[in-house]
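Architecture and fold: a report
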Amino acid sequence: MKAAVRKPARRQREARKDVRIVLRAPNPPEYRNGGAAARSDAPTQVTIKPIERGFAVLDAFLGEAEWLANQDIALRTGLPKATVSRLAQTLTALGYLTYSEQRRKYRLAVAVLSLGFAAMVDTDVVLQARPLMQKLADDNGVFVALAGRDGLDMIFFENCHSASNSATVGLGVGEHMPMASSPVGWALLACLHENERNYLLDHMRPYHKRDDWMSVRQKLTDAETQIAEKAYCVSSGDWGPDITVVATPLQLADRLPMVLLCAGQSRTLTKARVEQRAGPQLLAMGRQLQKMEAQRAAL
């Protein structure tokens, strides 16, 4: 059965996604214990009104009606019609709403589904993987993530950051990147059946110039070779000039293929560290998740 491919969004037409190393606040001392109770003297949380109103517009579509006009949304949200019009236009430009000229109405778009994808898909796997991912991140001072396929993109289900390293990869849960131009995507493609892989590649091809596509195919071939030899692939420079990525396919029974990865600054994630620690630990984590999944399925 062919893999489903939805109509590509604007982000899937991009040749690559820029990934940056960013600085983050260190984890609090109690993070390993799941966090501490809220302090009584903590400041009251502040609501950002434009964001609140944007989500109110999206929430208006949760009723029975599939298409809504500005007036309908205004009645459901209590917002002024002029405000609804501006918000709806913005949400349409971002891919969260679709506008019908014929109906002069809006409906939810596929990007909304992607927001909930990480929460809906393989939640139990994410829960099992999180502590293992955090340990790998802490042991190597790197960013660790679990990702899967969403159309022609890769979507991040979960990520963990090192407790000791404030410099980390600036990617969040639910974030997308084009499968064809990402080492995470190459790792996933490498583990698919040839027919499914070719089917996906045929759909990616129209969004790349000839020379760019030749480069993508070469990098995919290199990733397939590495995975065949050592079960993971390493990429340096594809996410940025100073970022190294290590990725391995994660195949669990009766689930869609996923990818485990770790990434960090090249001076931290050196070739020696990858070969001696990060790579073997990434593979060991995959094997442990497979074992845990088999035990769960046997219950």
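Residues numbered from 1 in each chain as written. Predicted model: local features only at pLDDT ≥ 70, side-chain atom pairs only at ≥ 80, totals over all residues. Heavy atoms only, no water.

A few points about the overall build of the protein
Summing up its helical and strand segments, the protein has 10 helices and 10 strands in all. Residues classed as buried in the protein amount to 44% of the 299 residues present. Taking as baseline every contact in the protein between residues at least 6 positions apart, the subset at least 24 positions apart corresponds to 60%. When the accessible surface of the protein is split by element, carbon and sulfur atoms take 52% of a total near 16,500 Å². (Helix = DSSP H or I, 4+ residues; strand = E, 2+ residues; numbered from the N terminus. Buried < 20%, exposed > 50% of the residue type's maximum accessible area, 1.4 Å probe, protein only. Contact = heavy atoms within 4.5 Å. Areas by Shrake-Rupley, 256 points an atom, 1.4 Å probe, with all protein chains shown as cover.)

Focus: helix α6 (residues 123-140)
The end-to-end C-alpha separation of α6 is 25 Å, in line with the 26 Å expected for 18 residues at 1.5 Å each. At Ala129, α6 shows its strongest bend, of approximately 35 degrees, with the proline Pro131 following within four residues. Here the buried face of α6 lies against β4 (143-150), β5 (153-160), β10 (258-265) and α10 (271-298). In the segment just after α6, Gly141 is the residue with positive phi, at about 65 degrees. (Expected span 1.5 Å × (residues − 1). Bend = angle between axes of the 7 residues up to and from the residue.)

Things to note about the packing of aromatic side chains
Counting across every chain of the model gives two aromatic pairs. Taken together, a centroid distance of 4.7 Å and an interplanar angle of 50 degrees make the contact between Tyr99 and Tyr106 tilted. Judged by relative accessible area, Tyr106 falls into the buried class, the value being 6%. (Phe/Tyr/Trp six-rings, centres within 6.5 Å; stacked < 30°, edge-to-face > 60°.)

Let's talk about a nonpolar patch on the surface
Side chains of Ile48, Ile51 and Phe55 sit close together on the surface and give an oily, nonpolar patch of about 310 Å² of accessible area. One can find Ile51 in helix α1 (residues 49-59). Residue class for Ile51 comes out partly exposed when judged on its relative accessible area of 47%. (Patch = residues over 30% accessible without salt bridge, like charges linked within 9 Å, V, L, I, M, F, W, Y side chains within 5 Å. Salt bridge = Lys/Arg side-chain N within 4 Å of Asp/Glu carboxyl O.)

Observations concerning the confidence of the model for the protein
On average, residues of the protein score 82 in pLDDT, and 80% of them are at 70 or above. Mean pLDDT across the secondary structure elements of the protein bottoms out at helix α5 (residues 117-120), with 52, and peaks at strand β9 (residues 243-250), with 95. Predicted confidence is poor over residues 25-44, with pLDDT under 50, and the contacts of this stretch with residues over four places away or in other chains come to nine contacts. (pLDDT = per-residue confidence, 0-100.)

A word on the sheet that holds β5
Pairing is antiparallel in the open sheet, where six strands are placed in the order β7-β5-β4-β10-β9-β8. A strand with exactly one partner marks an edge of an open sheet, and here the two such strands are β7 (176-178) and β8 (233-236). Strand after strand, the sheet turns through a mean of 30 degrees between neighbouring axes, direction not considered. Pairing of β5 with β7 involves three bridges; the strand directions are antiparallel. By the bridge assignment for β7, Ile155 is matched with His176. Sheet contacts for α6: β4, β5 and β10; angle to β5, the most-contacted strand, approximately 65 degrees. (Pairing = 2+ DSSP bridges. Axes fitted to C-alpha atoms, helices over the stretch in contact; angles between N-to-C directions.)

Concerning the pattern of salt bridges
All told, the structure shown has nine salt bridges when counted by the stated rule. Here Lys49 ties to Glu52 by a salt bridge, and the two come within 3.4 Å at their closest N and O atoms. Residue Lys49 and its partner Glu52 are both found in helix α1; the two are separated by three residues, about one turn of the helix. One salt bridge in this structure joins Lys219 and Asp238, with 2.5 Å as the shortest N-O distance.

Looking at the nonpolar core
Counting residues in each nonpolar core, the largest one holds 36 residues, and the members touching the most others are Phe156, Met204, Trp239 and Leu261. Secondary-structure elements contributing two or more residues to this core are β4, β5, α7 (183-191), α8 (194-204), α9 (210-230), β9 and β10. Considering each element in turn, this core owes the most residues, seven residues, to α7. Not counting residues up to four positions away in its chain, the partners in contact with Met204 are Leu152, Met179, Ala180, Leu189 and Trp213. (Core = buried A, V, L, I, M, F, W, Y, C linked by side-chain atoms within 4.5 Å.)

Things to note about the environment of Ser100
One can find Ser100 in strand β2 (residues 97-100). With 33 residues separating them in the primary sequence, Ser100 and Trp67 have C-alpha atoms 8.8 Å apart. Leave out the neighbours within four places in its chain, and Ser100 touches Trp67 and Lys105. Within polar-contact distance, the side chain of Ser100 engages the backbone nitrogen of Arg103 at 3.1 Å. (Polar contact = N/O pair within 3.5 Å; in protein donor to acceptor, adjacent residues only side chain to side chain.)

A word on α10
Every α-helical turn comprises 3.6 residues, leaving residues that sit three or four positions apart pointing alike. The terminal C-alpha atoms of α10, which comprises 28 residues, lie 39 Å apart, in line with the 40 Å expected from a rise of 1.5 Å per residue. At Ala278, α10 shows its largest bend, some 35 degrees, and a proline, Pro280, comes one to four positions later. Buried within α10 are the following residues: Val274, Ala278, Gly279, Leu282, Leu283, Met285, Gly286, Leu289 and Glu293. In this structure, the buried side of α10 is in contact with α6, β4, α9, β8, β9 and β10.

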